[in-house]
Amino acid sequence: MGIMDGFKARKALMAHQKGKYDEAKKAYEELYAANYISAAYLLPYSVLLLRQGGEENYLKVKEILKKAEKAPDLDASRRQELLMDYAVAQYKLGELDKAINLLEASHRKGPCGYTYQTLGYLYIEAGDTEKALAFNQEAIDYDDEDAVCLDNMGQTYYRLLGDKEKAKEYFDKAIAIKDSQIDTLYFLAQYDKEAGKKQDAIEKLEKALEGRFSPLNFASKEKVKAAIEELKK
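Residues numbered from 1 in each chain as written. Predicted model: local features only at pLDDT ≥ 70, side-chain atom pairs only at ≥ 80, totals over all residues. Heavy atoms only, no water.

Visitor: So, the pattern of salt bridges: which residues are in play, and what are the values?
Guide: The final tally for this structure, using the stated rule, is 12 salt bridges. A salt bridge links Asp172 to Lys168, with the nearest nitrogen and oxygen atoms 3.0 Å apart. With a gap of 4 residues between them, Asp172 and Lys168 both fall in helix 10 (residues 164-177), about one helical turn apart. The partner of Glu230 in a salt bridge is Lys233, and the shortest N-O contact between them spans 3.3 Å. Since its relative accessible area comes to 44%, Glu230 is described here as partly exposed. What makes Lys233 exposed here is its relative accessible area of 74%. (Salt bridge = Lys/Arg side-chain N within 4 Å of Asp/Glu carboxyl O. Helix = DSSP H or I, 4+ residues; strand = E, 2+ residues; numbered from the N terminus. Buried < 20%, exposed > 50% of the residue type's maximum accessible area, 1.4 Å probe, protein only.)

Visitor: Mind laying out the nonpolar core, listing which residues take part and the relevant values?
Guide: Ranked by size, the top nonpolar core spans 44 residues in total, and within it Leu122, Phe171, Tyr186, Leu205 and Val224 carry the most contacts. Sort the elements by how many residues they give to this core and helix 11 (residues 182-194) lands first, with 7 residues. If sequence neighbours within four positions are ignored, Tyr186 has contacts with Leu205, Phe218, Ala219, Lys223, Val224 and Ala227. With 28 residues, the next largest nonpolar core counts Ala9, Leu31, Leu43 and Ala71 among its residues. (Core = buried A, V, L, I, M, F, W, Y, C linked by side-chain atoms within 4.5 Å. Contact = heavy atoms within 4.5 Å.)

Visitor: Explain the side chain of Asn136 to me, using residue names and the numbers behind them.
Guide: Among the structural elements, Asn136 can be located in helix 8 (residues 129-142). When its relative accessible area of 0% is taken as the criterion, Asn136 is described as buried. Of the polar contacts made by the side chain of Asn136, one reaches the backbone oxygen of Ala132; its length is 2.9 Å. Setting aside residues up to four positions removed in sequence, Asn136 forms contacts with Tyr116, Gly120, Ile124, Lys131, Asn152, Met153 and Thr156. (Polar contact = N/O pair within 3.5 Å; in protein donor to acceptor, adjacent residues only side chain to side chain.)

This is how it looks when you write it as structure tokens:
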């Protein structure tokens, strides 16, 4: 371990940033096998695996992040990112309560946009209407131009409260800030579908399909594809 490992890590990160995910993953795997412990690459490595999905990858993320806890370059900001990624892995492995508890503890220590986005969504997934509504309102008060938090509030009204009219207010605000947001496009397509505007719905869903899906998307790539196919019948 040393200068060469640092060089390899920087090269892997550059490949990751350029969208060369297979190349980046191979380099990350080699560094990990060599027991090179640095949060600078272990955290992006974890994100890459989370986005690829699958139980094996989620378990690997938990393993990687436990090692990253000992990294000498793990500062406060990276620790917060580590906790968030670990919570996402827990959620995807069916440990939703543990994920929520972990993020609640992190949030108490220091609120930030990423925690508001993730924990706000997990409250919706847990079906906790009271917490989802209160927390997502708090998130919007914290940053009323956070498109993810606006979408979370839209989903709270749409999925938990069944108030589609109120939900649309938040989806409209979210899409005005980030017009490529996958979940927002998916839900807005549902309004088009109900209004008989099939082509508008298809266009939104096709745009959503161009996005990079994450473990925290309500609308998976498969769900979006199925919705398009249904509309085209």
